[in-house]
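Each chain is listed here by its residues.
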Amino acid sequence: MKSHKLYSDSKVTWLVFGRDETKPEKIIDTNQYMIIANGRSLLMDPGGIELFAPMLSSVLRHAPVEQVTDLFASHQDPDIISSLGLWDQALPNARLHSPWLWEGFIRHFGMQNIEYVPIQDQGGTIDLNGYQVDLIPAHYLHSSGNFNVYDPNAKILMSGDIGAALEADDAPLFVEDFEEQIPKMEGFHRRWMPSNRAKQDWINRVRKLDIEIMAPQHGRIFTGDNVDKFLNWFEELEVGSGVK
């Protein structure tokens, strides 16, 4: 599994893990993210059970296991959190921040030691010894209980399935040509995002944020002008294509 440093300053380091060449063929490729700040680490959408071993190995290259104190699951899908039962055994003292709506479902993945911290619909914050990141509501995009993570210091939005693309496992990490990226995103967003009203609510929220990097759960990462290009494109896109 490859790892890349997205951002680093005296306060925080952001990392992305993905493009795992050893994953099973029919398992969708995912991006996992980690924040390291003040001796604590937040692991975001840590991946499916099949990826646990390479993920744990990659994470431990950057932080000791006792400093992995917080997990975040944007929603309930197995590709982002079915590894929970294994993290539950590996982490001696950790909390999982995830939507209140999905607690009874997420616990099916296995959770004896990790503390569940329910996120209320309006969002909130995660505090890493004084370093705070914001939890941005993204309901129905595509899950009925769904959140993004925004870091106002690093100006990074971890956007979950919003901005996701289904493409080759060896695809570049960053979007280089936005127009070329559209065909890789369009079908996914039309089908998996069910509500134009919810989409517009999310766009209105994130346009108020200062974002230099938008980091989705699948595919390539948006930087600079490509963040605005995505928001403009998504705003015009009709979603909910499964209803005829």
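All values derive from a computational prediction rather than experimental measurement.

Caption draft 1: Looking closely at the packing of aromatic side chains. Going through the model one piece at a time under the given rule, you end up with nine aromatic pairs. Taken together, a centroid distance of 6.0 Å and an interplanar angle of 70° make the contact between Trp 202 and Phe 234 edge-to-face. Pair noted here: Trp 202 is in helix 6 (residues 196–206) and Phe 234 is in helix 7 (residues 225–236), with a separation of 32 residues, a long-range link. On the basis of relative accessibility, which here comes to 0%, the residue Trp 202 falls in the buried class. Residue class for Phe 234 comes out buried when judged on its relative accessible area of 0%. In textbook terms, an aromatic cluster arises when at least three aromatic residues are bridged by ring pairs, as seen for Phe 178, Trp 202, Phe 222, Phe 230, Trp 233 and Phe 234.

Caption draft 2: Seen up close, the pattern of salt bridges. Under the criterion given, the structure shown has ten salt bridges. With a closest N to O distance of 2.7 Å, Asp 70 and Arg 40 form a salt bridge. Of this pair, Asp 70 sits in strand 5 (residues 68–72) while Arg 40 is found in strand 4 (residues 40–44), placing the two residues 30 residues apart along the sequence. Assessed through its relative accessible area of 0%, Asp 70 is described here as buried. What emerges from the salt-bridge pattern is a single network uniting Arg 40, Asp 70 and Arg 95.

Caption draft 3: Broad picture of the nonpolar core. Core analysis: the biggest nonpolar cluster contains 28 residues, and Trp 202, Phe 230 and Phe 234 have the highest contact counts within it. Going through the elements one at a time, helix 5 (178–192), helix 6 and helix 7 are the ones with two or more residues in this core. The biggest single contributor to this core is helix 7, with five residues. Trp 202 has contacts with Pro 137, Ala 138, Leu 141, Asn 148, Leu 157, Ile 162, Met 214, Phe 230, Leu 231 and Phe 234, leaving out every residue within four places of it along the chain. In terms of nonpolar packing, the next biggest core, distinct from the first, is built from 26 residues, Ile 36, Leu 56, Ala 73 and Leu 91 among them.

Caption draft 4: Inspection of the sheet that holds strand 4 at higher detail. One open sheet accounts for seven strands, arranged 1-2-3-4-5-6-7; its pairing is mixed. Each edge of the open sheet carries a strand with a single partner, namely strand 1 (2–8) and strand 7 (115–119). Taking each pair of neighbouring strands and ignoring which way they run, the sheet shows an average axis angle of 20°. Relative to strand 6 (residues 95–99), strand 5 runs parallel, the two being bridged by three bridges. Its bridge partner being in strand 6, Asp 70 is matched across the sheet by Arg 95.

Caption draft 5: Region of interest: unusual backbone geometry. Following Leu 141, the chain continues to His 142 via a peptide bond in cis, the omega torsion being 5°. Phi angles above zero are rare outside glycine, and Asn 38 is one such case at about 55°. In this structure, Asn 129 takes a positive phi of about 50° despite not being glycine. Counting through the fold element by element, Asn 129 comes out in the loop between strand 8 (124–128) and strand 9 (131–137).

Caption draft 6: A look at the environment of Pro 78. Inspection of the secondary structure puts Pro 78 in helix 2 (residues 78–81). Ignoring anything within four residues of it in the chain, the contact list for Pro 78 reads Gly 47, Gly 48 and Phe 109.

Caption draft 7: Geometry of the pairing of strand 5. Extensive coverage of strand 5 is indicated by the burial of five of its five residues. Where strand 4 lies against strand 5, four bridges are found, and the strand directions are parallel. Each residue of the ladder has a partner; that of Met 44, found in strand 5, is Phe 72.

Scoring rules and cut-offs
Residues numbered from 1 in each chain as written. Predicted model: local features only at pLDDT ≥ 70, side-chain atom pairs only at ≥ 80, totals over all residues. Heavy atoms only, no water. Phe/Tyr/Trp six-rings, centres within 6.5 Å; stacked < 30°, edge-to-face > 60°. Helix = DSSP H or I, 4+ residues; strand = E, 2+ residues; numbered from the N terminus. Buried < 20%, exposed > 50% of the residue type's maximum accessible area, 1.4 Å probe, protein only. Salt bridge = Lys/Arg side-chain N within 4 Å of Asp/Glu carboxyl O. Core = buried A, V, L, I, M, F, W, Y, C linked by side-chain atoms within 4.5 Å. Contact = heavy atoms within 4.5 Å. Pairing = 2+ DSSP bridges. Axes fitted to C-alpha atoms, helices over the stretch in contact; angles between N-to-C directions.

Any link to function would need more than the numbers given here.
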